Amino acid sequence: MTNIEKFNNLAGFYEYMKTVMSAIATQKGGVPIENYAGRFFAADTLEMLVAMGGKIGTSADEKTRGQIEKYRAEFAEISDWVTPSKKPVHEMTLEEFEKVMNI
C-alpha cells in the first residue's frame, strides 16, 4: 500500500467519523461538536492526517493535494483540541499515551 493510499484510507475514516460524531451529538440533544468528548480523538486523527499529507508532499496528484490543503485549514481551526501534550498520538510512546489517557 502506498502512502497516498494510506492517506486516502485515513481521510475516508476521518470523514466517516465526522458523520458519526455529528449523528451522536444530534442524538444527545444537539450537543455542539466543540463540547463533544470525541472531539479530541477527531483532532488527533486530523493532526495525523495532516502529518501524512506533509510526508506525501508534491508526489500527490492535484486532487490529493487539494485534500491535504483542506485538512490543513480544518486543523488550523481546531488545533487546540489535540491531545494535551500537543504531541500527536502516532508519535507517542506507550508510556506517554497511557499518561495522557490517565491509564
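In case you missed it, the structure is sitting above this.
Residues numbered from 1 in each chain as written. Predicted model: local features only at pLDDT ≥ 70, side-chain atom pairs only at ≥ 80, totals over all residues. Heavy atoms only, no water.

A. How the structure looks around helix H3 (residues 62-78). In this model, H3 (17 residues) spans 25 Å end to end at C-alpha, consistent with the 24 Å of a helix rising 1.5 Å per residue. Buried residues of H3: Thr64, Ile68, Tyr71, Glu74, Phe75 and Ile78, and no others. Down the axis of H3, the buried set is contained in an arc of 130 degrees. They therefore lie on one face. More than 90 degrees from the buried face of H3, the exposed residues found are Glu62, Ala76 and Glu77. Structurally, H3 contributes buried residues whose contacts are with helix H1 (3-27) and helix H2 (39-56). (Helix = DSSP H or I, 4+ residues; strand = E, 2+ residues; numbered from the N terminus. Expected span 1.5 Å × (residues − 1). Buried < 20%, exposed > 50% of the residue type's maximum accessible area, 1.4 Å probe, protein only. Arc of directions from axis to C-beta. Contact = heavy atoms within 4.5 Å.)

B. How the structure looks around the packing of aromatic side chains. Enumeration according to the criterion identifies three aromatic pairs in this entry. Each ring, one from Phe7 and one from Tyr71, has its centre 6.3 Å from the other, and the planes form 65 degrees; the classification is edge-to-face. Of this pair, Phe7 sits in helix H1 while Tyr71 sits in helix H3, and the two are 64 residues apart along the sequence. Like Phe7, the residue Tyr71 is buried in the burial classification. Put simply, the rings of Phe7, Tyr14 and Tyr71 pair up and form one aromatic cluster. (Phe/Tyr/Trp six-rings, centres within 6.5 Å; stacked < 30°, edge-to-face > 60°.)

C. Seen up close, the packing of H1 against H2. H2 packs onto H1 with a crossing angle of 160 degrees between their chain directions and a minimal axis gap of 10 Å. By the criterion of interaxial angle, the relationship of H1 to H2 is roughly antiparallel. Taken as a pair, H1 and H2 cross one another with a handedness that is left-handed. For the pair H1 and H2, contact is made by Asn3, Ile4, Lys6, Phe7, Leu10, Ala11, Phe13, Tyr14, Met17 and Met21 and by Arg39, Phe41, Ala42, Thr45, Leu46, Met48, Leu49, Met52, Gly53 and Ile56, respectively. (Axes fitted to C-alpha atoms, helices over the stretch in contact; angles between N-to-C directions. Parallel < 35°, antiparallel > 145°, perpendicular 65-115°, else oblique. Left-handed = near helix turned anticlockwise from the far one by under 90°.)

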